[in-house]
Amino acid sequence: MNRFKTSKFKNTTPKVSKKDEWINDVRAGSFSCQGKHIKASSKLVAFNTEHAGGGMVGLTSVKPGSNGQWTITQISCHSDLVTDMDFSPFDDSLLATCSVDETVKLWRLCNPEQEQPGSPELTLHPGQGRLELVHFHPTSSGLLAVGTTKSALIWDVCRQEAPLAALDQHGDQMQSLTWKQDGSLLASSCKDKMLRLFDPRAQLSPVQSAKSLQNNKDSRILWATDDLLVTTGFDMMRSREVRLWDSRKLSSSLHSMSLGTSSGTLVPLFDGDTGLLLLAGMGDTVIDCFEVSSSEPSLSQVSHCLTEASTRGVALVPKLGLDIMSCEVMRVLQLTDSCIVPVSYQVPRKNSGQEFHEDLYPDTVGTTPAMSGEEWWKGGNKQVERVSLHPDKQPKPPTKQTPGKKEMASGGYKEDQAHGCSTSSSPLSTPSSSAAPSRSPSSTSGLSSGFLPSPSPSQSVKAIQSMLGPTSKFRHIQGSVMHRDTHITNIRGLNLTTPGECDGFCINRQRVAVPLAISGGQIAVFERSQPGKLPDTALPTIQNSVNVADFSWDPFDTRRLAVAGDDAKIRVWEVPEGGLKETITEPKIILQGHTEKIYSIKFHPLASGLLVSSSYDLTVRLWNLETGEQVKLLTGHQDQVFGMAWSPDGKLLATVCKDGKVRIYDPRKSTAPVQEGPGPEGHRGARVVWVCDGKYLLVSGFDSRSERGLYLYSADSLSSGAIASTPVNVSPSTLIPFYDPDTSVVILTGKGDTRVYIYELVPEDPYFIECSSFNSHEPHKGLTFLPKTECNVRDVEIAVGLMLSMTTIEPVAFRVPRVRKEFFQDDVYPDTAVWWEPALTASAWLSGSNGQHKKISLKPKDMTPVSEAPKEAPVKKYLPSSVYLEEKTDEQKKEELLSAMVAKLGNMDDPLPQESFEGVDDDEWDD
């Protein structure tokens, strides 16, 4: 029976393991290389780690240890970045690595709980520069394919001095290699858009090649069935695609499928026993599964799996490492920034766990090599014997060899007696490649946003306004990281797997709360008044007892922290005056009512002690912390609540939901929404915030093609849909908005991004005015903002945030460039709300009372408003134009520029010069 014609695997279901089953404390790097970032044998898992600049490899086991926990260790493999790795198909403990340092090394690994070897068993020196790829031969022991920048080398490790073959140079960067299952042929894809097929034993040049790829961006190739090749890459429109090819004719593909736009490389994994193809995009949170039909080459989708964190790499666990009795037919290990997430693919069967389902498990490739590398090179074509997966028939694990014995039948390796490995805490800072280039707004002049008073434009401005369009006084806003003296450094064990609805960490004027990847949902609390390097010893924490889903500081009490947990409870903690001096385990209040895990929590902006929460039970609940009781229960959501936001006056609550709806509630009048309308089409995540004095809602979400975008809604007519929208870029993380009501500027970024986007919002066309963006030096894990009073008005700071990275918290100031900084820029700083003081109590608000925040001026006593500054006397000096322009105010430069443009256009009533030209006869035109 041809297994590729069956559909017994069409109901294969992916199951993302629970968080307590994840392999944590992983520090995976985002490295620029062509190889695999993670690889698994049936016992061990090796992965790239950012320690020592990427020259180290992390190691753990496929199954947890005797204590139920995974042990993570590091091996110092190379002096530079490890670009690729591969386990021997015949030895679970033999790992090959290659590197930028131009060497290939073979390592004999131990159980991660034991001391690892300090040196490799074998080192190869190809001498052709940076190495990118390494693959063990599928049928022969001791045989490797090694990819250099533009060539492939075939090595027999018994002949270390030189390769068996150096295949012809490729025309550009080689991007991937794959062996045919019988080991007879080697296929490659290249940046020159060529697919090449080599028979290394017959000739060094390709036996077949064709310029078949449409785009030179990252492509991957793998062998599926005997004659079927799979490639992933990008089409001419830069959409990701997967294609099926007949290896006997590479000039045209048999089948193709587009998978939407995204910048991440699409990594394919294929299981020959089931005919299932897995596709995971680097930087994405999706793993797609397809069934491959070889009789009529095509792909049919089996499942679409969403994960919580972005992918850094994926690997298949070999068949002997699976849970056969539970009908597990595949297991994928997803490498993320901070953990490895197992994803199990199971076929639902009635007697799962009780009996062996033989029809799901045909005999699979065994672990005994068919021949040596020398036999293969001389023309041998033996195949690896297939073995049964029946629990009673599985082969016994190979006996551990003692030092001094030969490694493999063809080997001759010397067992190394040295143990231990060096470690380094220096992280590799790698900018994200997913950040799209900035779309610069038009460099024009005109009216300001309309929210703040501005001088009326002159006649010349009005005459040309419609042609030039609007501008923003915040267009050239500058973001910069503050001095290192203000940083909190040496943060260890950061939890990077908080849900997408959580901001990652939270701050107030005095404190920063950061979740830790330690059992028991522990939270570290740092005092902002005590920056510097944290000690290497353990810190006092808040022990929440369960994993943190979301948390928030009380805006009116800098000591009170509310934490939502996986157990559907909200715990309210009180930090002692002066900060945490010892670990606290008892919360002040526990709020119970939700029946399932909580998504997010938000404090009321005006009333003290009032909290709102959303949950997997599809309800939104209001809590009175004064009494510790639930006071309102809001219904109407049909799916996950992505985000919630209170209106500025505290009367209304807006939500955006995975069911494709944006809703507004008036909690004191009705438990049902008072308005609802269509939200973003994409279902990957969204946030909502009230803007423009509460007249509009801004939603950040995804469109149908998974591109991030911003959507503006009128708060009075949600049913009409978005009145304006603007695309941002393609990235898997949800944009988290911070809105400054004083300037109408919104600052947005996503967890794992390097770019921070800034827009000014105006209540008229074009609605979105893009300003200069800020780029961090490495992917940040969160960005949250401090009260306006923390801004230094003397430097014209309009916002100050704290940026969380893997090990540091860094303040970032956003400044508006101004010439006369000695004056208070009152056009930028209207009176600001005192939103850190409550306007009323929870009980007063619940009884129907309303309030509003007091307002204060940010002007220091010793500064004069720029609107009252004396006019500068004109000084006629022959100075360079750059100096002259620096002395002008923004309005003066605007006036002079527009006046010059109007003058250059001249009098529109004058005849144009070409009107006086004489024409030619029709017969003089050249036909």
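Residues numbered from 1 in each chain as written. Predicted model: local features only at pLDDT ≥ 70, side-chain atom pairs only at ≥ 80, totals over all residues. Heavy atoms only, no water.

**Describing the packing of aromatic side chains**
Right, so step 1: In the structure shown here, the tally under the stated rule is eleven aromatic pairs.
Right, so step 2: Here the aromatic rings of Y599 and Y616 are separated by 4.4 Å at their centres, their planes lie at 35°, and the arrangement is tilted. Of this pair, Y599 sits in strand 44 (residues 598-603) while Y616 sits in the loop between strand 46 (610-615) and strand 47 (620-624), and the two are 17 residues apart along the sequence.
Right, so step 3: Using a relative accessible area of 36% as the deciding quantity, one classes Y616 as partly exposed.
Right, so step 4: Their ring planes at 20° and their centres at 5.5 Å tell us that F824 and Y829 sit as a pair that is stacked.
Right, so step 5: By relative accessible area, which is 2% here, F824 ends up buried.
Right, so step 6: An aromatic cluster of three or more residues is present, and its members are F738, F774, F785 and F814.
Right, so step 7: Positioned over the ring face of F234 is K217, at 4.5 Å from the centre of the ring. (Phe/Tyr/Trp six-rings, centres within 6.5 Å; stacked < 30°, edge-to-face > 60°. Helix = DSSP H or I, 4+ residues; strand = E, 2+ residues; numbered from the N terminus. Buried < 20%, exposed > 50% of the residue type's maximum accessible area, 1.4 Å probe, protein only. Lys NZ or Arg CZ within 6 Å of the ring centre and 35° of its normal.)

**So, the sheet that holds strand 14 (residues 165-166)**
Right, so step 1: With antiparallel pairing, four strands are arranged side by side in an open sheet as 10-12-13-14. Two strands in the sheet have a free side with no partner beyond their single neighbour: strand 10 (131-136) and strand 14.
Right, so step 2: Alignment of strand 10 against strand 12 (residues 143-148), held across five bridges, turns out to be antiparallel. From the neighbouring strand, H135 faces strand 12, where its bridge partner is A145. (Pairing = 2+ DSSP bridges.)

**So, the side chain of H780**
Right, so step 1: By the secondary structure assignment, H780 is in the loop between strand 61 (774-775) and strand 62 (782-785).
Right, so step 2: For H780, the side chain forms a polar contact with the side chain of T749, separated by 2.8 Å.
Right, so step 3: Setting aside residues no more than four positions away along its own chain, H780 makes contact with T749, G750, K751, G752, D753, T754, R755, V756, M803 and L804. (Polar contact = N/O pair within 3.5 Å; in protein donor to acceptor, adjacent residues only side chain to side chain. Contact = heavy atoms within 4.5 Å.)

**Here we look at the nonpolar core**
Right, so step 1: I38, L278, I287, I340, Y345 and Y361 are the most contacted members of the largest nonpolar core, which totals 38 residues.
Right, so step 2: When residues in this core are grouped by element, the largest group, five residues, is from strand 28 (residues 328-335).
Right, so step 3: With residues up to four places along the chain from it excluded, the contact list for I340 reads W22, I23, V26, I38, V45, F47, T60, L333, Q334 and L335.
Right, so step 4: Formed by 23 residues, the second largest nonpolar core is a distinct cluster that contains F474, I758, V793 and A799. (Core = buried A, V, L, I, M, F, W, Y, C linked by side-chain atoms within 4.5 Å.)

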